[in-house]
Amino acid sequence: MTGWMYLWFPDLYLHSLDAATPQEPVAILDPQEQRIVQLNAPAQALGVRRDMPLASALFLCPALTTRTLSLSHEQQLLQQRALWAGHYASFISLHAPQGLWLEVGSMLKLFGGLSAYWQRIQQDCEEQHWPVHIATGHTPLAARWLALANAGEPTFARDKLLPRLQALALDELPLSDAQRVALQRLGIHSLEQLLRLPLANIGQRVDIELMNTLRQLKGDVSHPLTPFDVPPSFSQHAECLHDIEHRNGILFPLKRLLEGLCGFLHQQQLATRELILTLTHREPPDSIWRFALASPEYRYPELVQLCRYQLEKQRLRAPATALRLDVAKLSSRAPAQSNDLLAHKGADREQTNQHQHAPQTGLLNRLASRLEAEQLQCLYPTGDPRPECAWHTMSAAEHSTVSQLHKAPHVRSHRGHWPFWVLPHPSPCSAPTTLIAGPARLDSGWWDHAPIRRDYYQALLGNQLAWVFRDDRGQWFIHGFYS
Amino acid sequence: MNYAELHCLSNFTFLRGASHPEELVQRAAELGYQALAITDECSLSGVVCAHREITEHALSLKLIIGSEFRDDTGVYVLIAPDRQAYAELSQLISRARRAAPKGEYCFDPAGLLDLTGCLLLWQPSPSGFEAWHKALTKAFTGRLWLLAERTLDEHDAQTFLPIQPWAKTSGLPVVAAGNVHMHLPQRQKLQDCLTSIRLNRPVTDIREHLFCNAERHLRSERKLKRLYPSDWLAETLRIAERCQFSLDELSYLYPTDSVPSGHTPAGYLRKLVEQGQAIRFPGGTPKAIQATIEKELALIALKKYEHYFVTLYDIVQFARRQNILCQGRGSAANSVVCYCLFLTEVNPQEVQLLFERFISEERHEPPDIDIDFESQRREEVMQYIYQRYGRDRAALAATVIRYRPRSALRDVAKSLGLSSSEQEQLVSKYAGRYLGKEWMDHVLPADGPALTRTLRELTTSLLGFPRHLSQHVGGFVIAEGALADLVPLENASMADRTVIQWDKEDLETLGLMKVDILSLGMMTAIRRSLNHLGMQISDVPREDPATYKMLQKADSVGVFQVESRAQMNMLPRLKPACYYDLVVQVSIVRPGPIHGDMVHPYLKRRNGQEAPDYPLEGLRPILERTHGVPLFQEQVIAFAMVAADFTAAEADQLRRSMASWRKKGHMHKLQTRLRDNMLKNGFDDAYIQRIQRQLEGFGEYGFPESHAASFALLVYLTAWLKCHHPGVFLAALLNSQPMGFYSPSQLINDARHHQVVIHPVDVNHSHWDHEALDDGSVRLGFRLVNGFNREASERLEQQRP
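With respect to the packing of helix 20 (residues 521–533) of chain B against helix 32 (residues 726–735) of chain B
Residues and elements named next belong to chain B. Remark: helix 20 packs on helix 32, axes separated minimally by 8 Å, with the N-to-C direction vectors making an angle of 140°. Between helix 20 and helix 32, the crossing angle belongs to the class labelled oblique. At the point where helix 20 passes helix 32, the crossing takes the right-handed sense. Every residue of helix 32 that contacts helix 20 at Ala-525, Arg-528, Ser-529, His-532 and Leu-533 is listed here: Val-728, Phe-729, Ala-732, Leu-733 and Asn-735. A class-by-class count of the residues in the contact of helix 20 with helix 32 yields six nonpolar, three polar and one charged.

Focus: the environment of Cys-389 of chain A
All names here are of chain A. Mapping Cys-389 onto the fold places it in the loop between strand 12 (377–381) and strand 13 (391–395). Residue Cys-389 is classed as partly exposed on the basis of its 17 C-beta neighbours within 10 Å. Between the C-alpha atom of Cys-389 and that of Gly-445, which follows or precedes it by 56 residues, the distance is 9.1 Å. Excluding its chain neighbours within four sequence positions, the residues that come into contact with Cys-389 are Thr-382, Asp-384 and Gly-445.

Regarding the sheet that holds strand 14 (residues 421–429) of chain A
Residues and elements named next belong to chain A. Taken in spatial order, the five strands of this open sheet run 14-18-17-16-15, and their pairing is antiparallel. Edge positions in the sheet fall to strand 14 and strand 15 (434–444), since each has one partner strand and no second. Across the sheet, the mean angle from the axis of one strand to that of its neighbour is 25°, orientation sign disregarded. Sheet topology places strand 16 (residues 452–461) next to strand 17 (residues 464–471); eight bridges connect them, and they run antiparallel. Paired with Tyr-456 across the two strands is Phe-469, which belongs to strand 17.

Some thoughts on the interface of chain A and chain B
Residue-level contacts link 18 residues of chain A with 16 residues of chain B. For the side of chain A that touches chain B, the residue count by class is seven nonpolar, six polar and five charged.

Digging into the nonpolar core
Counting residues in each nonpolar core, the largest one holds 215 residues, and the members touching the most others are Leu-36, Ile-79, Val-477 and Val-715 of chain B. The biggest single contributor to this core is helix 31 (residues 705–724) of chain B, with twelve residues. Core analysis: the next-biggest nonpolar cluster, separate from the first, contains 89 residues, Met-5, Leu-83, Phe-228 and Leu-254 of chain A among them.

Calculation criteria
- Residues numbered from 1 in each chain as written.
- Chains lettered and ligands numbered in written order.
- Predicted model: local features only at pLDDT ≥ 70, side-chain atom pairs only at ≥ 80, totals over all residues.
- Axes fitted to C-alpha atoms, helices over the stretch in contact; angles between N-to-C directions.
- Helix = DSSP H or I, 4+ residues; strand = E, 2+ residues; numbered from the N terminus.
- Parallel < 35°, antiparallel > 145°, perpendicular 65-115°, else oblique.
- Left-handed = near helix turned anticlockwise from the far one by under 90°.
- Contact = placed C-beta atoms within 7 Å.
- Nonpolar A, V, L, I, M, F, W, Y, C, P; charged D, E, K, R; others polar.
- Buried ≥ 20, exposed ≤ 12 C-beta atoms within 10 Å, placed from the backbone.
- Pairing = 2+ DSSP bridges.
- Core = buried A, V, L, I, M, F, W, Y, C linked by C-beta atoms within 7 Å.

See the structure below:
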């Protein structure tokens, strides 16, 4: 079943600047005509209107902050939205300047039905402070028209959608001025009236284009949509309304970029181990901050958290005017995927390890981002029979490389009943009087020229159960205690 | 000492066992063990070595034959107390091996339940005990023990400690053993190294897989008494007492299929020889020859070798029927009997019988006859043998692939974590040198840094370790009954090939018959030439002066054996003028005579520049044919008997040890004896050293006179063809490629020099094969065209006008 959803992001550009909420009036200007195209609530309150010339707007509201719309940046913003939408659909089509089509029908099973799906999207956008109009439709155009009028309802059923469509007023439809005038002259004020006219008639009386549009709306002819192709690499930038003077200010635009990044990583089934943040200042050069991750990551909350920690460690050289996010060290997420889909016999243990692995690496990344590299050391079992060499520490980065290359040797937990508390260095002692268990003989370690020959026993020293050994010269040592 | 070790792996459990079977039995005898069971994992490959060592050194140690099997239900050690149980065990191993790819085996405890003779020592895993103890107790009433092995490491908790409670639950007796992997604890390093080679990762990467102590060695009595209760130790002796089987009991029966019913083997053989005589000596058999035949037949009858000869006769008859050319060689091949049975074409009238010896009465080993077949058609002969005797009665002998310097260096270096470029560097230090025993000093000096010393130590012990079993080039073992009753069979890497678990030497030790079905590319070329000329080998005129004249000019490109640079160098100096000169020619350019500096003295004496001298009068009959210079392996052996007072058995040992002299130490004993005795008999030191070097040279590429005689015949035949029918011979050579020393272009060039007209490949006239035309010219065939195949060629030939 195919079903279409249209997401319409009103005032996309304005919202990208985080200008929707502040108290000061903000307006976005058309690049050619110096007219207002987008504006926020305070500006509106002061009487500024859409399509108003800049001069009039400034007359009404001298404190109006304006930005000129950059078409290319607007296009990029829509792309970022499309990348984010990649979480929800595999077929996405951009509809510049502010709309996205998602093919939804095939995804519903995955998300547990249309209302759940709808809700997830709505929730996501709310959390990210993106106002959105959502609508579904049996044809792409139906979805779009309903979205523009913000009259969507989570259904694909034609008979439920039709009344809503019919109720749309002519003003709410994206028609050209000429079409609108021609229809008004025919005495048509709503879509219901329009749809009642014979199509051929419309072709004659208005124009062929409208006729075709209506055919597409009904689904009589196909509506070709260009699919959005995920770019091979990720590099997106964000602009700021005001210069960012403190590192804390970076987080908001950065989060917007991370949404796109996570969508990108999701669609490509990749994870990253390095984020590269480039800050543009009024004076060159740009600042380049590299955030290294201890293990590959792809989840939005984790990445946001990591950036938060990393930002705390940074200092702004000068106020930033814009920022760009790139990623490097991409790695495939194949293992995690096989986890979900290909859980086969024999891999059970590995699988549970993997599951435990996920939160662990999250923690590791967080720790790594807060501490200096040498402050964070991982334990690594070596499998060596000698207690002194049974494990060693390594930096987190080294650890993740090593554990990617080899499966860590599992520690022989049953290895001769080693106690939990092993002394870093054995300490000499007198021959114990009460041996409880043993001997366990260790005679190994020739490969690094520090071989040992010892007989280990469990012995009572006073009232403590100790792990003692006798070396090949007959000297006794304590090497640990049992709890 | 009151102990018998019943669970001991040798290094024939590849990459687990860290001691040779010989070392294990020596050490066990030294410690005073009553008995030692060699129980390699699903294999009996090591038992013959152990058996031989015990016999040769008359050790007072009983050898027990057994085998270990492992799966996740535990470790199973099966022991064969008698001949019937041995057959059972051998069959079981064969089944397990045959069901798995080469080098692996399939084991299921359920397969044990119908064994009626074998004793079972069982070290169950906890789940295995629950699952199987009832069934096994029932199937092995009075033949099942729980195997208690204390290794003083983390495994004890799993395998040793539960034994006592299990014994109580099940009422089974317990027996102690050592899970022996090596003869001395010092071998643990090597054992770790083998583990790392097995897992193909450096030692430091697989530390969790290493044994954490060296307890898996043959322990002393004091130690055993401290570790095990005395009744568990005593139980080992009770089990050893029940084991009465010895490998000597394996009475091998020759296949009798080839003797028709109603004939005695001796009568039938005589009949065949008489039939052959009529063809071979149409003018009646000369008296001397008749006497030799009688003598040979009597010896064959005495040693009961009739079936062997009849079997060979049968195989050769098949080849003759199929028009597959073949030629026998080997110690027994150049006898009159073999000539009459068509095993060889070497006419005893032409060559005086080289030695009286062809099967010596003292030697307790089967006669050795190798038969060379045309390489392109040998498979037919093999298939015939399989088909005639059946797959369960015929199998190829194994060749034990052992660590040689290069492979040992590489594997040890890898396991010590050297990078691949460092490994390469190390191996290249060795490569291409013949440094003698001192090569190790050049590659890894004893006074080097610690890593070098470790490398040296491990490489030295790893040298000569068996690595895997491979199939022998053509040695077939054929038995009267099921072969798997005698020796386990396993899969070879080639599909549909089975090999037995013993090699040539093992077969010799136990007196099993082996038929060597070898392949020789030149035989194909000869057969093609003769077919073209419509001749038989016997039709070729002998002692043709023109042929010898050609050889004396070193004009020998394409001629069998004497076409190499070294041989071409020798031809004008030796100037062969008769058949026997060719025998000398093929044997002289060999490591033996060269290392022994025997070449120049021989040439000088032959050319009359120096008088032959015989250090002892007794040596004259041995050395006369070669002007007083020992050239052949047989001569050196006979020489040892006369000049160094070796007994026949000792001399025989010398001969055999030459073949395996790389197992160090072995040769040394005999060398010292040879030297002492020769000194005593008045030889000077320089001469003795030359003889010894020659012996070492033979060790690498032994080439006895009997082989040389057979090869010389092929040399003569190919030289004759080249001399009189160069075109036919060239076409045959080209059609038999790849073979020989020279590339097709070199062969063609050489033929052009001999005025052979060569027609290029012609789409209208060529065939797939090269073709000798009636006018002596040669038309090249399509097989020279790159990327062209036989089918296309045939289609083309059919379609053209």
